[in-house]
Amino acid sequence: MGVKRKKSEAEELVEGGKSNDKNIESSYKKKREILPSMIKNKEKRSIVHAKMKQEKKLEKRKKLKARDANEKRALELGEEPPPRAIPRTIENTRELDETVCRPDDEELFAGNDADEFSSVLKQERTPKILMTTCRYNSTRGPAFIKELQAVIPNAHYFKRGTYDLKKIVDYANKKDFTSIIVVHTNRREPDALLMIGLPNGPTAHFKLSKLVLRKEIKNHGNPTGHKPELVLNNFTTRLGHRIGRLIQSLFPQDPEFRGRRVATFHNQRDFIFFRHHRYIFESKESKGSDSKVKKVKDAKGEKIAQERVIARLQECGPRFTLKLISLQHGTFDTKGGEFEWVHKPEMDTSRRRFFL
Amino acid sequence: MIQISRSSDARSKSSDPEVTRRSGSTKKTSRVLAVSTLLPLYRRRAAIVPPSLPVATSRFRRSFSPSHPHQFEAKVSCPICKGPVREKQVKGFKRLLLPFIAKEEQTQTACNKTMPRTTTVECPGCPPLRAITFDSLGLIKVVEARGERGGAPSVVERWGDPDASKCVLAASFDDTKHDPLLAVARKNGLIEIINSLNGDLHVSIPNVGDAGVQPEDDGIVGLHLFKRRRQESLSRSCTLLTCSTKGNASMRSIEVSNPAESTSVDSIKSWNVCGSGTVLCSKVDGNEKYALFGGKGVEVNVWDLEMCTKIWTAKAPPKNSLGIFTPTWFTSATFLSTDDHRKFVAGTNSHQVRLYDTSAQRRPVMSFDFRETPIKAIAEEPEGYNIYIGNGSGDLASVDIRTGKLLGCFLGKCSGSIRSIARHPTLPVIASCGLDSYLRFWDIKTRQLLSAVFMKQHLLEVVFDSNFDDKEVTHAASDVLVQEPQNMDEIQEDETETEPVKRKKTPKVKDESKKRASKENEESKKLKSKKKSKRVKAESDD
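None of the values given here were measured: they were computed from a predicted structure. (Residues numbered from 1 in each chain as written. Chains lettered and ligands numbered in written order. Predicted model: local features only at pLDDT ≥ 70, side-chain atom pairs only at ≥ 80, totals over all residues.)

The next subject is the overall build of chain B. When helices and strands are tallied, chain B shows ten helices and 28 strands. The buried share of chain B, reckoned over its 542 residues, is 38%. A sequence separation of at least 24 residues applies to 47% of the contacts in chain B between residues at least 6 apart. (Helix = DSSP H or I, 4+ residues; strand = E, 2+ residues; numbered from the N terminus. Buried ≥ 20, exposed ≤ 12 C-beta atoms within 10 Å, placed from the backbone. Contact = placed C-beta atoms within 7 Å.)

Shown next as C-alpha cells:
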C-alpha cells in the first residue's frame, strides 16, 4: 500500500510541477526589474516611485471602467451582470473564533437568564445610574458628563469628592442604583470609562478616545428628554455579548419611539464607536422614473406614488470611541479582583484576531 | 544607474543556479505545492524540498515557517516523549505521527484557502485523557481526547440542565477503578454523588447545617470524598467531608443507593473550624488523615480528622519594614506531597505564596510574591518539588518550592482568572480552567499549550479521570492480541492502509468540489483564468 501511495503522489508531483514552472519563471522575471527600493539616490527613487504609482492608478481606473462597461452591457442585454468581487478586508478574513455566539445555543440563553443583567433587561428593575468622575475633574470632564447625562436617562451625577470607589459602590447598592459610570480624566481630557454593574455585576474598564462634544459637531441637534432607542452592532463573541448586555443594562428597555432618538454602540475591530442621533421621516416628492414599486402603487392611488419617505439623521450629543481593557468579575476591586478578560500583549500576535 | 544594473546582474547570475535547481525540483513537488506558489516567496522557498527526502519530511518542512523558528518543534513532537522530532526519526515515527500529520495538513490547507496568512493556534494535540469540568450553570461536562482523533479533545458528554441555582461550588472525585464516584456541592445546598462514568445520580442530600441557615448564605467551599475507607468496607457507603464558608465542617458517611430509595445518613461528626471570618479553601492530605482550612480572616489551621481536633494553627507573618500589616486572606492551599502532611503551600489574596512546615514553625518557612492579582489556584506535583500556581488575571506558572524560584510561565493567551488546576495522575499534563471558559491542557516539561477547549460557561473546577487511559490501552492491547495470530505484516499493512486512505480521500473530494465550482464558473461567466483551466486539466488526467 505504501508503494501505491507513493506512485500516486509522484503523479501529483509531475502535474503540480507544470503549473509551478511558469509561476516561478514569471516571478523570476519580476525580480529582475529594478524596484524603487533598490535605488539609493532618493530623488531618483522618488521619481521612479511616483511613476509606478501613477501607472498603478491608471491601471486601476482602466479596470474599473472595463468592469462598469461590462455591467452596463450585461444589463442592456438583459443578462445577469457578473457578480462584483467582494474586497478582502480585515473583518471578513477575521480569524476563526469558536466563541462566537450562535442563535441555536441553548446554553447561551440559559447563561443570559442567569447573568447579572437579566433583572434589568427583563424590566424587573428600572435602570438607575450613578455617574461620577475621578478626583480631579475640570473643563472637558464635566461637559462630557453633562452630555452623557442627556444620553442616558435616569442618570444622576454625584461629585466624587475624596470617596473611595468601593465606598461609592456600597452607597449605590444601598440606594438601589443598577450601575455606576466613572469618567476618568487625565490632563483635563476624559480618557477612561468604568462601567460597574450592581449589585454584583461585572466591571468593565474602557479606554476612551476621540471625544467630540456636542458643541464641536457641525449642525448638531439638541436631544429631547425621551427615552432613546439603542443600537448595538457587531457584538458577536461571548465576551462581546456580555459587554453588549452590560451596555444595554444602562438604558431603559422601553424606548419612546416618539422621541426619534437613537444611541448607537457600533463595534468594529474591537473598537466601540458611540454616536447619538435624532432622526426624522420626511416625505418628498419623487421623480417619475424611479422604480417598479412605485408603478405598482400607481394603480392604487396617484398621490402616494408621488411621495417618497426618506429618513434624515441629525447628530447630537457626544461622539467617542471605547476600547475594552479589562472585564472584572464582581464589582470594582483592583487588589483582589478576578478578571474575566484582560488584555495581554501575547494576544496581539495577529491583526485579524478580535475579541468582541 | 549603471552601478545598479550591474549589481542586479550579479544578483541574477548568482541566483541562476538556484533557480535551475528549483525548477528541477518543482517537477516532483506535490499539488499542494502548486497552491503554495500563492504564498509569499520566503515561505515558498521553505516549501520546496529536494526530492530525495521522504514525503513525510517534506510535509514537516512545509510546516516550518521562517517567521516562527520554534514552530517546527512545537507542531511536530513525538507523541511518546514529547520531544522535537528530527528528520531522521521521522521515517520511523511516520506511522505514529500520521494523525498529527493529517491534522496539520488540514490546518495548512485551511490557511491556504484564506489566503492572507492567519496564525492558527498551535496545538500538538493531547495524549488520550479524560477530564470532567464543572461550571457556573451546574453543568458537568466530560472532555475526552483520544489517540485516533488526532489528539484533539472535545466535549463528549454533558450532564444536567443549565440552572444557575445549581452552580457548582466544590467537587471531589474518588478515582478508583471499580465504581468511581463524583461528589458535587451545589449552590442550592445539595450535595450530589454521581457515577463518573455515565453521570447517574446516586444520592442527593441536603447540606444540613445549623437550623435557620439559608444554603445560599452558607455555601460549601470544601468537599472531599474519601477514597480508602470505601475500599475497605465493601458495602456501598462513602464518607464525605464538607466545609462551609462559615466554618461548619462535618464528616458523614452515606449509603450509596438508588436515588428513589431513602438514603440513610449516619454518623455525622461536625465541628466548627473558625470563630469568625469566612473559609475559602480546604484540602485533605494524601493519606486522608488531616485537613487544612483557611480563608478570609482565618489563619490556616490543620485538623486531625480522626480525633476531630485542631493540631496546628499558623501565625500571621510580622509587620513589614514600614509597619504595615497585611490582613490574613487565604484563597487557596494544597499539601506539598501525598505522604507528608506537614508541609503545605498556601496562596493569599495579596498575591503571596507561602510555604508552611508544621514541624518547624508557625510562621511561613518561605514566602514569595507572584504577579499582582490574588492567587486563585495551587496544585502540587505529587513526586517532585514543583507547584503550579494560577492567579486572578490568568497567569499560570510553575515554581520550584525548594528555592521559591519561578521555573516558567505557561503562555497561551489565557485571559480569565484561573479557578482550578488539576495534575494528571500519570501523564505529564496539567489542566487549568477558569472564568475565560476555556479548558486548557498543558505539557509540564515544555510548558506548552497542548490544546484548549471552549466550554461556553465560567468553569469552576476540573478533575482528571485516571482510569480512562488504562481502558484505552487495554482495549488497544486486546485488539492487537486478537489480530496477532493472523499475520504481523497484514496488521501493519492494515494500519498503514487506514490512515493514508483517509488522507487521500479528502483531497479527492476537494478536487471534485473544485471541479464542480469551476464548472459552475464556466457556465456563469464563461471566463476563467489560465491557472484554473490547467488545474482542471490536471485533474481530468487523474
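Attention now moves to helix α6 (residues 165-174) of chain A. Residues and elements named next belong to chain A. Along α6, the residues classified as buried are Ile168, Val169 and Ala172. Angularly, the buried residues of α6 cover 105 degrees about the axis, an arc narrow enough to put them on a single face. Along α6, the residues that are exposed and aim more than 90 degrees away from the buried face are Lys166, Lys167 and Lys174. Immediately downstream of α6, the backbone of Asp176 shows phi near 65 degrees, a positive value. (Arc of directions from axis to C-beta.)

Turning our eyes to something else, we now look at the sheet that holds strand β17 (residues 343-348) of chain B. All names here are of chain B. Reading across from one edge, β16-β17-β18-β19 is the order of the four strands in this open sheet, with antiparallel pairing throughout. Every other strand in the sheet has two partners, leaving β16 (330-335) and β19 (366-369) as the edge strands with one partner each. Along the sheet, successive strands turn relative to each other by an average axial angle of 15 degrees, direction set aside. With five bridges joining them, β17 and strand β18 (residues 352-357) adopt antiparallel strand pairing. Across the sheet, residue Val345 finds its bridge partner in β18, namely Leu355. (Pairing = 2+ DSSP bridges. Axes fitted to C-alpha atoms, helices over the stretch in contact; angles between N-to-C directions.)

We now examine the UniProt feature "repeat: WD" (unreviewed entry) in chain B. UniProt marks residues 411-452 of chain B with the feature "repeat: WD" (unreviewed entry), using the numbering shown here. For the annotated span residues 411-452 of chain B, helix accounts for 0% and strand for 52% of the residues, and the straight-line distance between the end C-alpha atoms is 12 Å. (UniProt positions renumbered as here; feature names shortened; annotations may be inferred.)

Attention shifts here to the confidence of the model for chain B. Residue and element names in this part refer to chain B. On average, residues of chain B score 70 in pLDDT, and 57% of them are at 70 or above. Contacts from residues 1-80, a stretch scored under 50 in pLDDT, to residues over four places away or in other chains number 106 contacts. Note that residues 536-542 has pLDDT below 50 and, in this model, six contacts with residues that lie over four places away or in other chains. (pLDDT = per-residue confidence, 0-100.)

Residue and element names in this part refer to chain B. Spatial ordering of the open sheet is given by β24-β25-β26-β27, a layout of four strands whose pairing is antiparallel. Each of the sheet's edge strands pairs with one partner strand only, and the pair in question is β24 (418-423) and β27 (449-454). Here the average twist between neighbouring strands, direction ignored, is 15 degrees.

All right, on to helix α2 (residues 42-77) of chain A then. Structural remark: α-helix, 3.6 residues per turn; residues separated by three or four positions point the same way. Residues and elements named next belong to chain A. Between its terminal C-alpha atoms α2 stretches 52 Å, which fits the 52 Å expected from 36 residues at 1.5 Å a residue. Little of α2 sits inside the fold, with zero of its 36 residues counted as buried. Two residues or fewer after α2 comes Gly78, characterised by a positive phi angle close to 80 degrees. (Expected span 1.5 Å × (residues − 1).)

Bringing the pairing of strand β7 (residues 201-206) of chain B into the picture now. Residue and element names in this part refer to chain B. Pairing of strand β6 (residues 190-195) with β7, which is carried by five bridges, proceeds in the antiparallel orientation. Directly across from Leu190, in β7, lies its bridge partner Pro206. Here β6 folds back onto β7, and the loop between the two strands holds five residues, one of which, Gly199, carries a positive phi near 80 degrees.

Next up on the list: the environment of A:Ser179. Locating A:Ser179 in the fold gives a position in strand β3 (residues 179-186). Among residues more than four places away in sequence, those in contact with A:Ser179 are A:Pro127, A:Ile129, A:Met195, A:Ile196, A:Gly197, A:Leu198, A:Ser249 and A:Leu250.

Side chains of nonpolar character tend, in soluble globular proteins, to be buried together. By size, the foremost hydrophobic cluster in this structure holds 96 residues, and its most contacted members are B:Ala171, B:Ala183, B:Ala333, B:Val345, B:Ala431 and B:Leu439. A:Ile168, A:Leu198, A:Leu208 and A:Phe265 belong to the second-largest nonpolar core, a separate cluster that totals 44 residues. (Core = buried A, V, L, I, M, F, W, Y, C linked by C-beta atoms within 7 Å.)

Residues and elements named next belong to chain A. Structurally, Asp97 is set in the loop between α2 and α3 (106-114). The exposure class assigned to Asp97 is partly exposed, which follows from the 15 C-beta atoms found within 10 Å. Residues Asp97 and Leu130, spaced 33 residues apart in sequence, show a C-alpha to C-alpha distance of 35 Å.

Glancing now at the environment of B:Thr133. Residues and elements named next belong to chain B. Inspection of the secondary structure assignment puts Thr133 in strand β1 (residues 129-135). Look at Thr133 and you get buried, because 26 C-beta atoms sit within 10 Å. Along the sequence, Thr133 and Asn287 sit 154 residues apart, while their C-alpha atoms lie 25 Å from each other. Not counting the four nearest positions on each side in its chain, Thr133 is found in contact with Lys141, Val143, Cys433, Leu439, Met455, Leu459, Glu461 and Val462.

With that settled, consider the confidence of the model for chain A. All names here are of chain A. Of the residues in chain A, 85% reach a pLDDT of 70 or more, and the chain-wide mean stands at 85. Within the model, pLDDT remains below 50 along residues 1-19, and this stretch shows 30 contacts once partners closer than five positions in the same chain are excluded. In the model, residues 289-297 has pLDDT below 50 throughout and makes four contacts with residues more than four positions away in sequence or in other chains.

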